[in-house]
There are 2 protein chains.
Amino acid sequence: MIPNPLVRARVDSLRLIDTTLREGEQFAGACFAFEDKVEIARHLDAFGVDYIELTSPVSSSQSRRDLERIAALGLRAKVLTHVRCRADDARAAIESGAQGVDLVIGTSSLLRRFSHGKDIEQILAEAVEVIQLVASHGLEVRFSGEDSFRSELADLLWLYRAAEVAGAHRVGVADTVGVADPLTVFDVVRTVRGTVRCDIEFHGHNDTGCAVANAFAAFQAGATHVDTSVLGIGERNGITSLGAFVARLYVVDSEAVRGRYDLASLRELERYVARLAGVEVPFNNPVTGPCAFTHRAGIHAKAMLAEPSTYEVLDPGHFGLERSIDVAHRLTGWNAVRHRAGQLAIALDEQGARELTLRIKALADVRAISEDDVDALLRDATASGAVPEAVR
Amino acid sequence: MIPNPLVRARVDSLRLIDTTLREGEQFAGACFAFEDKVEIARHLDAFGVDYIELTSPVSSSQSRRDLERIAALGLRAKVLTHVRCRADDARAAIESGAQGVDLVIGTSSLLRRFSHGKDIEQILAEAVEVIQLVASHGLEVRFSGEDSFRSELADLLWLYRAAEVAGAHRVGVADTVGVADPLTVFDVVRTVRGTVRCDIEFHGHNDTGCAVANAFAAFQAGATHVDTSVLGIGERNGITSLGAFVARLYVVDSEAVRGRYDLASLRELERYVARLAGVEVPFNNPVTGPCAFTHRAGIHAKAMLAEPSTYEVLDPGHFGLERSIDVAHRLTGWNAVRHRAGQLAIALDEQGARELTLRIKALADVRAISEDDVDALLRDATASGAVPEAVR
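Here the structure is a predicted model, which means the values were calculated and not measured.

Asks: I tried to follow the pairing of strand β7 (residues 199-204) of chain B on my own but got confused; where do I start?
Replies: For a regular strand, side chains alternate in direction, first toward one face of the sheet and then toward the other. Residues and elements named next belong to chain B. Burial analysis of β7 places 5 of its 6 residues in the buried class, the great majority of the element. For the handedness criterion, the β-α-β arrangement of strand β6 (residues 170-175), helix α8 (residues 182-193) and β7 is classed as right-handed. Handedness of the β7-helix α9 (residues 211-221)-strand β8 (residues 225-228) crossover: right-handed.

Pasting the structure below:
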């Protein structure tokens, strides 16, 4: 179960494309003003993502102006915009000053029939033309299918190969509808990896809760770029979350991840975007969820106190966070209770801690209790002489 | 990309062990009274899970009494309790009236050193004794390692084989710390599948956001039982979410899933548990998150209106929910605007819809707008004769 060294080495070369300012704008609660976009872009740049993707300049006048101004900020991260695979859209993208253009067109039979009505030959002919147009202006260009996992693999491979030959720097595999699972993603991306030499980007939705794992499987199979958004905001219930995906990479190679990303700024970035999008950081959010480093069960607490890595694969300190041991409930154990006594400078032997633990459990069986209740029980017991006196 | 027929057939034979009443109690916000537990157990039973796991009877007096009473309710689902792999704990479990006992002991070197201090030989000897004790009382017995993915695979396989020979009906593979990824889970579970004939259970934490995908990979590799909790509540940021995992299975075989689970009751079950645990249903929750079926981008809305499966792999109607097309924002498109006009019995031709769409985008560029704003623009335009009059 030791991570594959090849996978570890590659964490360093993986590129993150954060699309909070494009996919995130498609989240029902999101409406970003220009100042908000600048703040998010600067946050993301400081955090360490490699690319920042913005809404198409043809979506609205403000979308165009915002893109022009953010592309001119001189961020370290490259600014991309995401447009339909059409010459008009591509020209607007080129004129915006963006450093790269992400082209997308539906390739599933459903989208070909109900969205644009084109067959694969038409898609290919237009794609080649638009890719050549963007590339001729010296910009990075990506060509992506939409709904790749409900497209014919043979069609996709043919399109990707033609896109590469036409000058695309990157092809995109997109789970637009959240239908894919990690083994399927691994298979498809590995097949694409064997077909083209250019970079491969993965974009995955979270309809069945697999967006982070799918992105990781794509990375393991050879994807060079992964799309994320802050908290995963996007169409419907969203996409791969930046924080969760970085946590997944951290487990593979914490040093590489710490060297590349400003992990301690993650919580503030997430809170900022949550406020703008009108949502709460989910209670179960990896890393920054309110209880992500709270340990409760007695047997967990015991081992945690001896060695935190027993129940933690992420060091909260690396994310600017702290762990906590929750002692005030009926599942508590005497090691955790003795530890809490120590924090209050109350010395307890094992027997005393065991007795007090039974009292805490008895009280917690009657009503919800807080750490204050536990502290009061500890102080009472000490004062009454039921357990050894406090020492300093 | 057609689902493997063998995998599809197996959805019907998979067993869900819901542990909201054990793992869920380890979530920092949870404190369930007896009446709460009964309500949750009845909800889960009606939803269709196969097993309901409760906290160890040795945790507290109330835990014991609640277990006894819930085991006596006569639910369709089997009632399990989860105890340390010790004879005393197992005897309390046997006396409780539970129909099965889930035994657990730490098998990673970290837990062996910092939790219980036993080596693999001691673990094996005790496990055999405790398994035989439980099995001799005619109860279902599961033996699980803790932190399986940081244990030596050879140790695990040796323990699992010995557990099976001793009479265990099921062995458990547990990602206690959320370190595993789906490919690793697939590998390990497939290896276990080749080693024992008994059932295999998977339990996975969500520290890096992969708990749903890991459980699905375990299922694909041959696991017969998967642990879930409502909304995924559990230690730290929790485990595999029942609703998300069922959504994942639905994508593989919607008919089997609809036949086995009362999908329309999921939202109420999640809301009930969320209220008790003091949390909100996450904005990004699969299926029941507030925007899980909200479609925004113009190109999405256009195809959705023609054929919903273009951007939906879950039919909201099967979950007692409805989709919505969000038309009031700068990413909207004329097909969505014309559709909204139709709902208001305002007839718009393409040209009229395109003009109004530009006006909606222009307004949305200035401030956040609502559907009321869109409706007002539609009605104004009609009244002023800028577009064809309303017809009935």
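Asks: Which parts of the structure should I look at to understand the relation of the copies chain B and chain A?
Replies: Turning one copy of the chain about an axis and sliding it along that axis gives the other copy, so a rotation and a shift relate them. In screw terms, the move from chain B to chain A is a rotation of 180 degrees and a rise of 0.0 Å along the axis, fitting with an RMSD of 0.0 Å. Taken together, the rotation angle and the small translation identify this as a two-fold axis. In terms of C-alpha distance to the rotation axis, chain B has P282 of chain B as its closest residue, with the C-alpha 2.4 Å off the axis. Comparing interface residues between copies, 100% of those in chain B also lie at the interface in chain A; the contact surface is shared.

Asks: Please explain the interface of chain B and chain A as it appears in this structure.
Replies: How big an interface is tends to be expressed through the accessible area that disappears when the partners come together. The interface of chain B with chain A comprises 87 residues on the first partner and 87 residues on the second. Around 7,600 Å² of area is buried between chain B and chain A when both sides are counted, 60% of it from carbon and sulfur atoms. Taken together, the links from chain B to chain A amount to 2 salt bridges. For R330 of chain B, the salt bridge is made with E25 of chain A, and the minimal N-O distance between the two is 2.6 Å. At the surface where chain B touches chain A, the tally comes to 42 residue pairs in polar contact (both at pLDDT 80 or more). If one sorts the elements of the side of chain B that touches chain A by residue count, helix α13 (residues 298-306) of chain B sits on top with 5 residues. For the side of chain B that touches chain A, the per-class residue count stands at 43 nonpolar, 24 polar and 20 charged.

Asks: For this particular structure, what's the right way to read the side chain of R236 of chain B?
Replies: Here R236 of chain B shows up in the loop between β8 and α10 (242-252). Here the side chain of R236 of chain B touches T176 of chain B through a polar contact of 2.9 Å, landing on its backbone oxygen.

Asks: Quick question: what am I supposed to make of the packing of helix α14 (residues 334-343) of chain A against helix α16 (residues 371-383) of chain A here?
Replies: Helices that pack against each other are described as a pair by the angle of their axes relative to one another and the distance between those axes. Residue and element names in this part refer to chain A. For the pair α14 and α16, interaxial distance at closest approach is 10 Å and the crossing angle is 80 degrees. Classified by the angle their axes make, α14 and α16 are roughly perpendicular. On α16, the residues that touch V337, R340 and A341 of α14 are E371, V374, D375 and L378. Residues belonging to the contact of α14 with α16 are distributed by class as follows: 4 nonpolar, no polar and 3 charged.

Asks: Would you mind showing me how to read the pattern of salt bridges here?
Replies: Side chains carrying opposite charge are able to pair once their charged atoms draw close together. By the definition in use, this model includes 61 salt bridges over all chains. R340 of chain A is the salt-bridge partner of D375 of chain A, the closest N and O atoms lying 2.9 Å from each other. Of this pair, D375 of chain A sits in helix α16 while R340 of chain A sits in helix α14, and the two are 35 residues apart along the sequence. Here R340 of chain A falls in the buried class, since its relative accessible area comes to 14%. Notably, a salt bridge pairs R84 of chain B with D89 of chain B, separated by 2.8 Å at the nearest N-O pair. Using a relative accessible area of 29% as the deciding quantity, one classes R84 of chain B as partly exposed. Salt bridges sharing partners connect three or more residues here, namely E25, K37, D66 and R69 of chain A together with R330 and D365 of chain B.

Asks: How should I be thinking about unusual backbone geometry in this particular structure?
Replies: With the exception of glycine, the majority of residues adopt a negative phi angle, and the majority of peptide bonds are in the trans configuration. Residues other than glycine seldom take positive phi values, yet R236 of chain A does so here, at roughly 55 degrees. Since its relative accessible area comes to 1%, R236 of chain A is described here as buried. One non-glycine residue, A345 of chain B, lies in the positive phi region at around 60 degrees. Structurally, the position occupied by A345 of chain B is in the loop between α14 (334-343) and α15 (350-366).

Asks: Can you walk me through the sheet that holds strand β6 (residues 170-175) of chain A in this structure?
Replies: Each strand in a sheet pairs with its neighbour through backbone hydrogen bonds, running either in the same direction (parallel) or in the opposite one (antiparallel). Residue and element names in this part refer to chain A. Taken in spatial order, the 8 strands close into a barrel running β1-β2-β3-β4-β5-β6-β7-β8, and their pairing is parallel. Along the sheet, successive strands turn relative to each other by an average axial angle of 25 degrees, direction set aside. Of the strands in this sheet, β2 (51-54) and β3 (78-84) touch helix α3 (residues 61-71), which is tilted by about 155 degrees from β3. Sitting on the sheet, helix α4 (residues 87-95) is in contact with β3 and β4 (100-106), with an inclination near 160 degrees to β3.

Asks: Can you help me understand the environment of P57 of chain A in this one?
Replies: Residues and elements named next belong to chain A. Mapped onto the fold, P57 is located in the loop between β2 and α3. Classification of P57 by relative accessible area gives buried; the value is 5%. Separated by 281 residues in the primary sequence, P57 and R338 place their C-alpha atoms 61 Å from one another. Residues within four places of P57 in sequence aside, it is in contact with S63, R64, L67, T81, V83, A92 and A93.

Asks: Is there a simple way to explain the environment of R248 of chain A in this structure?
Replies: Within the fold, R248 of chain A resides in helix α10 (residues 242-252). Given a relative accessible area of 1%, R248 of chain A falls into the buried group. C-alpha separation for the pair R248 of chain A and R84 of chain A, spaced 164 residues apart in sequence, amounts to 31 Å. Apart from the residues within four sequence positions on either side, R248 of chain A is in contact with V212 and F216 of chain A together with G178, V179, A180, D181, T208 and C210 of chain B. Only 2.7 Å separates the side chain of R248 of chain A from the backbone oxygen of V179 of chain B, close enough to count as a polar contact.

Asks: Looking at this structure, I do not really get the environment of W334 of chain B. What am I missing?
Replies: All names here are of chain B. Here W334 lies in helix α14. According to the relative accessible area criterion, W334 is buried, its value standing at 17%. When the C-alpha atoms of W334 and L73 are compared, they prove to be 56 Å apart, with 261 residues separating the residues in sequence. Setting aside its immediate chain neighbours within four residues, W334 contacts E350, A353, R354 and T357.

Asks: Can you help me understand the sheet that holds β8 of chain B in this one?
Replies: Residues and elements named next belong to chain B. Spatially, β1-β2-β3-β4-β5-β6-β7-β8 is the arrangement adopted by the 8 strands of the closed barrel, whose pairing is parallel. For this sheet the average axis-to-axis angle between neighbouring strands, irrespective of direction, equals 25 degrees. Pairing geometry for β6 and β7, over 6 bridges, is parallel. When the bridges of β7 are listed, V173 appears paired with F202.

Asks: It is not clear to me how the packing of aromatic side chains should be interpreted in this structure. Could you clarify?
Replies: The relation between two aromatic rings is expressed through the spacing of the ring centres and the mutual angle of the planes. With the rule as written, the count across this model stands at 10 aromatic pairs over all chains. The interplanar angle of 45 degrees and the centroid separation of 5.4 Å between the aromatic rings of Y250 of chain A and F319 of chain A together place this pair among those described as tilted. Of the two residues, Y250 of chain A is situated in helix α10 and F319 of chain A in the loop between α13 (298-306) and β10 (324-325); the sequence distance between them amounts to 69 residues. A single burial state applies to Y250 of chain A and to F319 of chain A, both of which are buried. Between F47 of chain B and Y261 of chain B, the aromatic rings sit 5.6 Å apart at their centres with planes inclined by 20 degrees, giving stacked as the arrangement. With F47 of chain B in helix α2 (residues 34-47) and Y261 of chain B in the loop between α11 (254-260) and α12 (266-277), this pair connects stretches of sequence that are 214 residues apart.

Cut-offs applied
- Residues numbered from 1 in each chain as written.
- Chains lettered and ligands numbered in written order.
- Predicted model: local features only at pLDDT ≥ 70, side-chain atom pairs only at ≥ 80, totals over all residues.
- Heavy atoms only, no water.
- Buried < 20%, exposed > 50% of the residue type's maximum accessible area, 1.4 Å probe, protein only.
- Helix = DSSP H or I, 4+ residues; strand = E, 2+ residues; numbered from the N terminus.
- Right-handed = clockwise from strand over helix to strand, strands pointing away.
- Least-squares fit on C-alpha atoms with pLDDT ≥ 70 in both.
- Contact = heavy atoms within 4.5 Å.
- Buried area = accessible area lost by both parts, 1.4 Å probe.
- Salt bridge = Lys/Arg side-chain N within 4 Å of Asp/Glu carboxyl O.
- Polar contact = N/O pair within 3.5 Å; in protein donor to acceptor, adjacent residues only side chain to side chain.
- Nonpolar A, V, L, I, M, F, W, Y, C, P; charged D, E, K, R; others polar.
- Axes fitted to C-alpha atoms, helices over the stretch in contact; angles between N-to-C directions.
- Parallel < 35°, antiparallel > 145°, perpendicular 65-115°, else oblique.
- Pairing = 2+ DSSP bridges.
- Phe/Tyr/Trp six-rings, centres within 6.5 Å; stacked < 30°, edge-to-face > 60°.

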